[in-house]
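Fold and contact review
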Amino acid sequence: MIRLNKYISNAGICSRREADKLISAGKIKVNNIIQSELGTKIHQNDVVTYNGKVLKTEKHQYILINKPKNCITSVKDTHNRKTVMDIIEGACSERIYPVGRLDRDTTGLLLMTNDGELTKRLTHPSSGVKKKYVIQLENSIHPDCLKEMLSGINLEDGQIKYDEVKYGRQQTDRTQLIVTLHSGKNRVIRRTMEYFDKTLLHLDRIEFAGIQKADLVRNKWRFLSYKEIGFLKMTKSR
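This structure is a prediction, so every number in the text was calculated from the model and none was measured.

A few words now on the overall build of the protein. The secondary structure content of the protein amounts to eight helices and 17 strands. Based on the C-alpha atoms only, the size of the protein along its principal axes is roughly 65 × 35 × 35 Å. Among the 238 residues that make up the protein, the fraction classed as buried is 47%. Within the structure as shown, the protein displays about 13,200 Å² of accessible surface, and the carbon and sulfur contribution to it stands at 46%.

The following block contains the structure:
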C-alpha cells in the first residue's frame with residue numbers, strides 16, 4: 001500500500017502537497033473512480049489517472065552536472081542551442097528536469113532529478129538553500145563593498161543580504177570573490193556587481209545545498225551518492 005499523494009509525486013507530476021490539492025479538487029481517478037479523500041492509500045497495481053492520462057511511478061534519479069558556458073538550462077531550445085539535456089543524454093531512461101536554473105553564461109553545479117517533491121522543497125524560498133559561487137571581476141572590488149553585501153544592498157526588487165563574502169586566492173586577489181547566499185532572486189549576483197559598477201567576467205557555482213563540485217569537470221555529470229541524496233532529503237522548509 002502507498003499513499004495516493006506519494007504515488008502521484010513518484011510519477012513526477014508534482015510534490016505531495018500539490019498532489020493533495022489535485023486530489024481535493026477531484027482531478028484524480030483511481031480505477032476510473034474519482035478519489036477526493038486525502039490520506040487515501042492504494043495498491044501499486046491500481047490504475048491512477050490525471051486528466052485522462054495513466055500515471056506510472058518512476059525510479060527517482062538524481063544527477064549532478066557541471067554546466068559549461070553557453071549552455072541553456074532548459075529541457076529543449078527552439079533555437080537549437082546546446083541545453084543541459086545534451087550533457088546527460090543517455091544517462092537514464094527516466095525524464096529528469098533541472099532544479100532551478102543557471103544563466104546561459106553561468107557555469108557550475110546544477111542538480112537534475114525527477115523527484116518532484118524534492119525539487120519543490122529545494123526551490124521554495126522558505127527552504128533557505130545555500131549556494132556558493134566564485135565571482136571573477138575585471139577590476140578589484142573594495143572591502144567596503146564586501147561589508148555592504150553582508151549588511152544588505154537594495155536592488156530594484158528588494159534588499160539582498162549575502163551569507164558570506166570573501167576574497168579568493170588566499171584572500172589576496174581582490175578581483176575574485178567567493179560568496180554564499182540563499183536568495184532565489186533572478187540574476188542577483190550579476191545585478192549586485194552592476195550595483196557596484198563592476199564588470200563580471202565569469203560566474204561559477206561551486207556548491208549547491210551542501211553538494212560540492214569536488215572533481216566533477218566541466219561539461220560532465222555524475223549520479224549523486226546515497227549519502228548526498230539523504231542529505232538533500234533532510235532539507236526542510238522553515
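Still more ground to cover, so stick around.
This paragraph deals with unusual backbone geometry. For Asn 32, which is not glycine, the phi dihedral falls at a positive 70°. Taking relative accessible area as the criterion, Asn 32 reaches 63% and is therefore assigned exposed. One non-glycine residue, Asn 70, lies in the positive phi region at around 60°. When you line up the elements, Asn 70 lands in the loop between β7 (62–67) and α3 (84–87).

What follows concerns the nonpolar core. In this structure, Ile 135, Leu 177, Val 179 and Ile 189 are the most contacted members of the largest nonpolar core, which totals 34 residues. With sequence-adjacent residues up to four places away left out, Ile 135 is seen in contact with Thr 175, Gln 176, Leu 177, Val 179, Ile 189, Met 193, Leu 200, His 202 and Leu 203.

Turning to the layout of surface pockets, a few remarks are in order. A water-sized probe rolled over the atoms picks out the places where empty space is left. As a volume, the largest pocket reaches approximately 610 Å³. For the largest pocket, the lining is made up of 30 residues, of which Lys 131, Tyr 133, Ser 183, Gly 184 and Lys 185 are closest to its centre. Where the lining of the largest pocket is concerned, the elements lending two or more residues are α4 (116–123), β10 (131–137), α7 (188–195) and β15 (200–208). Broken down by class, the residue content of the lining of the largest pocket amounts to 12 nonpolar, 10 polar and eight charged.

In this section: helix α2 (residues 16–24). Those residues of α2 that fall on the buried side of the exposure criterion are Ala 19, Leu 22 and Ile 23. Seen along its axis, α2 keeps its buried residues to an arc of 100°; they face one direction. Facing away from the buried side of α2 by more than 90 degrees, the exposed set consists of Arg 17 and Lys 21. Those residues of α2 that are buried lie in contact with α1 (4–10), β2 (28–30) and β5 (48–50). Backbone geometry just after α2 places Gly 26 at a positive phi near 75°.

Turning our attention to α7. Residues separated by three or four positions in an α-helix point in the same direction, a consequence of the helix having 3.6 residues per turn. In terms of burial, α7 is largely enclosed, as six of its eight residues are buried. Among all positions in α7, only Val 188, Ile 189, Arg 190, Arg 191, Thr 192 and Met 193 are buried. Here the buried face of α7 lies against β10, α5 (143–151), β11 (153–155), β12 (158–160), β14 (173–181) and β15. Of the residues one or two after α7, Asp 197 is the one with positive phi, at around 60°.

Positionally, Thr 73 belongs in the loop between β7 and α3. When its relative accessible area of 11% is taken as the criterion, Thr 73 is described as buried. One polar contact links the side chain of Thr 73 to the main-chain carbonyl oxygen of Leu 102, over a distance of 2.8 Å. Once residues lying within four places of it in the same chain are set aside, the contact partners of Thr 73 are Lys 67, Val 84, Pro 98, Gly 100, Arg 101, Leu 102 and Leu 110.

Right, let's talk about the pairing of β7 for a bit. For β7, the tally of buried residues reaches six of six residues, placing the bulk of the element in the interior. Sheet topology note: the β7/strand β9 (residues 107–113) ladder contains six bridges and is antiparallel. Bridging from a neighbouring strand, Asn 66 pairs with Leu 109 of β9. The sheet contact formed by β7 and strand β17 (residues 221–223) spans three bridges and is antiparallel. Bridge pairing in β17 places Ile 65 opposite Trp 221.

Let's shift gears to the pattern of salt bridges. Applying the stated criterion to the full structure yields 13 salt bridges. Glu 117 is the partner of Arg 121 in a salt bridge, and the nearest nitrogen-oxygen pair spans 3.7 Å. Linking Arg 121 with Glu 117, this pair stays in helix α4, spanning four residues, or about one helical turn. Between Arg 191 and Glu 156 there is a salt bridge whose closest N-O contact spans 3.2 Å. Taken together, the residues Arg 191 in helix α7 and Glu 156 in the loop between β11 and β12 connect sequence positions 35 residues apart.

The rules behind each value
- Residues numbered from 1 in each chain as written.
- Predicted model: local features only at pLDDT ≥ 70, side-chain atom pairs only at ≥ 80, totals over all residues.
- Heavy atoms only, no water.
- Helix = DSSP H or I, 4+ residues; strand = E, 2+ residues; numbered from the N terminus.
- Buried < 20%, exposed > 50% of the residue type's maximum accessible area, 1.4 Å probe, protein only.
- Areas by Shrake-Rupley, 256 points an atom, 1.4 Å probe, with all protein chains shown as cover.
- Core = buried A, V, L, I, M, F, W, Y, C linked by side-chain atoms within 4.5 Å.
- Contact = heavy atoms within 4.5 Å.
- 1 Å grid on protein atoms, 1.4 Å probe; cavity = no way out; pocket = protein on both sides within 12 Å on 5 of 7 lines; lining within 4 Å.
- Points joined across faces, edges and corners; volume = space filled by probe spheres on them.
- Nonpolar A, V, L, I, M, F, W, Y, C, P; charged D, E, K, R; others polar.
- Arc of directions from axis to C-beta.
- Polar contact = N/O pair within 3.5 Å; in protein donor to acceptor, adjacent residues only side chain to side chain.
- Pairing = 2+ DSSP bridges.
- Salt bridge = Lys/Arg side-chain N within 4 Å of Asp/Glu carboxyl O.

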